[in-house]
Each structure stands twice: as structure tokens, then as C-alpha cells.
Amino acid sequence: MDEKIKFSELLFSRPDAVYALEDEDVKRVMKRYVNVVNNKLPAKFILLKSFEVEIPKDASIENLWKLHDSLMKEFKEKEENNVKFFKTNLLTLKRIIANEIVKKCQLCEWNCKVDRTKGRRGVCQLDDKLRISSEFIHMGEESFITPSHTIFFWSCNMFCIFCQNYTISFRLEEGETIEPKTLAKIIERRRREGCRNVNLVVGEPTMFLHNIFEIFEYVNENVPIVWNSNMYISELSMKLLDGFIDVYLTDFKFGPGNCSQELARTKNYWNVVARNHLIASKQAEVVVRHLILPNHVECCTFPILEWISKNLGQNCIVNLMDQYYPYFKALENEKINRRITKGEYRKALEKARELGLIVKG
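Just so you know, these numbers come straight off a predicted model, no measurement behind them.

A word on the overall build of the protein
Here's step 1: For the protein, the count of helices and strands is 15 helices and 8 strands.
Here's step 2: Since a compact globule built from 361 residues should have a radius of gyration of about 21 Å, the 20 Å found for the protein is in line with a globular shape.
Here's step 3: Across its three principal axes, the protein shows a C-alpha extent of roughly 60 × 50 × 40 Å.
Here's step 4: Relative to its 361 residues, the protein shows a buried fraction of 58%.
Here's step 5: Summarising the internal contacts of the protein: among those between residues at least 6 apart in sequence, 74% fall at separations of at least 24.
Here's step 6: For the protein, the accessible surface area stands at approximately 15900 Å², while carbon and sulfur atoms represent 46% of it.

Below you can see the structure in the form of C-alpha cells.
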């Protein structure tokens, strides 16, 4: 085992995580991630910083996009062992474009088009500053993700009435403003302490994409980036994330019916999230989480599993999550005001196995 984390620490709290990277399914589906964790390959953001770019001064956003799209074609043909940092690089270009997008914000699928740099706020109620709720070594993620340096950003772009992190997502607690360079140093330290990855999460980290690119301009430790996302992301952001993310750790919450509207006040959810999963699968390795909701196995769980089987198959790992609890306003909704039953979980698991999906937690 090449990682620095002590066996005793993992054995104490998560013995299943100790040899998780040696699991045959994990080694196949998450091959690149495993190699980055073990420092046999560079993380993708490292490669972006190794691709020198000359950025024209005062270029329009349209011309910046043209340059980005042209260079991304070259980037994907670059040898992965050629690592040399350049002051102005492809990550720099992504950050500049993201900063321009924030001036007419279209980072997530709401496309509010407000100028967050001038304090105007859209659905997420954020300005352009970097805010986090917490950062820590998480021992409760999937076995192959654990131990994970988890950074909880502040706010969310969805309104799930059952959110277990509702004090963060609904901004009921204060977020901490932090400088990108400061957070970069923390990420480097956590990697040296033995974390397998840096896990960017909240309800949705995409609203901080411009800040996140800046953070990783300062990070020099080789650490894989796990994008822990609800996937309600704009196509512009998905394009910028290409070449930056090592692992998409996604939430696929609702089926194609009205459940997303009823439980999360989120429009066109199915089409957006399905589209983004297809894009993600072409960019990086994918782990799909699905939280089983009471009374929603047929309308949500089954269609999601069938879609994954048809579109991603065994090229992703599925985590069927049984830990639903009626947090926040869920107690007021008679359809979801209880834990799931053993029968509901069994039906979901049997369906996943019937479809031949790789299910791991």
C-alpha cells in the first residue's frame, strides 16, 4: 500500500477501506483514480498546469472559448508523464473564462445571468467570494474514496426538503470566507496527511467554479479531485470541468416524473442530470450515488437504475444508499416522513443486480 495513511487508523474506523483500491471492479472502473492516489499518474489539474497557454489580453469571452476548445483538443493528446508547471496554462484559461461567466452567471442550470461580481444574487444567493462551511478528513465516504479530504462549500442550487445538510444548503448557518491560496495550502497538507483525494461538495460546488480553479492554481501536491455534485450544472460548466476532474461522485436523485418539482423545486431535472452524466462519463471516471427515498422506488429508483444500465453500464460504480432519514421539512410530507423499509431496499438492490450494475458503498 503506497498511501501514507496508517493502517491502524483505517482498521479502527473503516477496515473495508484498507484494501478497497485492490478490489477488481474498483481497479477496472477507477483505474486512473487508483494510479493517481498511489502517485503513479498525475492528477488532471496537474496536467492542465503543465500545458502552456498564451492568453491574449482583452480577448472577448467568445474568443476565449474558441481558444479553450482548440487547446482542449491538443490537451487530450498530451503525454501524461510530461509534467512541468507553466505560469500561464490551461487551468489559468479555464479560471479566466469562469470569472467572465460569473459576471452574467450561467454556472448552473438555473442560468440566472446576474452579475455576482457586483453583489447581485441569483438562486444560490451567492456573490463571487469563496465561502466554505467546513473541511475535514472524512472517514464515511465510499470505501475506495475514504479517507477523503472533504470540503463543504456553502449554499446550494437545489431545494431538497429532505436535505441532511440543510443548514448549509439553505444558508441557515454562516459560511466562512476564505482565500483560495489559504485553502490550497490546507489541501496540500491533508494530502500529505494521507487523504486519498480532495472531495469538493456541498449541495453543489459548481457555483464556486471560478474560485475552485484559482485554488488549484496554488496546489502543487498530486491529489485526485472528486467532484461531489448534484449534477444540476450548465453545459458551459461541464465544458470547463473537462480535463479538470478525476472522479465525478454524483447524486442522481429523481426519476423523470414530477418528484424533482415536488421534493426539490427543481425544473427539468431529469433531462439536465441525464445529459450531464453522459458528458461526465466521457470526461472522467464516474461513481453514481442514489439515495433511495420512501415510496419512490418505482418512480425514481427503477428509472434511474435502468438509465444507468442502458447508458453507462459497467463503466461506473453505483452506490445504492439506504440511510435516508426525514430531515428538515421531510417530516411534513407524508410520502417521505419515514425511513425506507427493508423491502424497499431489497427491491432496489435486486433491480440493480438484475441490470448487471456494479454496486458498492
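Some points on the nonpolar core
Here's step 1: Core analysis: the largest hydrophobic core is formed by 106 residues, its most contacted members being Phe162, Phe216, Phe244, Tyr248 and Phe254.
Here's step 2: Not counting chain neighbours up to four residues away, the residues in contact with Tyr248 comprise Trp227, Met231, Met238, Leu241, Ala280, Gln283, Ala284, Glu285, Val286 and Val287.

Looking at the pairing of strand 6 (residues 247–251)
Residues in a regular strand point their side chains to alternate faces of the sheet.
Here's step 1: Burial of strand 6 is extensive: 5 of the 5 residues sit out of reach of the surface.
Here's step 2: Neither face of strand 6 is open: one carries Val247, Leu249 and Asp251, the other Tyr248 and Thr250, and all of them are buried.
Here's step 3: The sheet contact formed by strand 5 (residues 225–229) and strand 6 spans 4 bridges and is parallel. Its bridge partner lying in strand 6, Trp227 is registered against Tyr248.
Here's step 4: Tracing the backbone out of strand 5, into helix 11 (residues 235–241) and back to the parallel element strand 6 gives a crossover that is right-handed.
Here's step 5: Of the strand pairs in this sheet, strand 6 and strand 7 (residues 285–291) are connected by 5 bridges, and their pairing is parallel. Counted as the bridge partner of Leu249 is Val287 from strand 7.

So, how was this worked out
- Residues numbered from 1 in each chain as written.
- Predicted model: local features only at pLDDT ≥ 70, side-chain atom pairs only at ≥ 80, totals over all residues.
- Heavy atoms only, no water.
- Helix = DSSP H or I, 4+ residues; strand = E, 2+ residues; numbered from the N terminus.
- Rg over C-alpha atoms; globule rule 2.2 N^0.38 Å.
- Buried < 20%, exposed > 50% of the residue type's maximum accessible area, 1.4 Å probe, protein only.
- Contact = heavy atoms within 4.5 Å.
- Areas by Shrake-Rupley, 256 points an atom, 1.4 Å probe, with all protein chains shown as cover.
- Core = buried A, V, L, I, M, F, W, Y, C linked by side-chain atoms within 4.5 Å.
- Pairing = 2+ DSSP bridges.
- Right-handed = clockwise from strand over helix to strand, strands pointing away.

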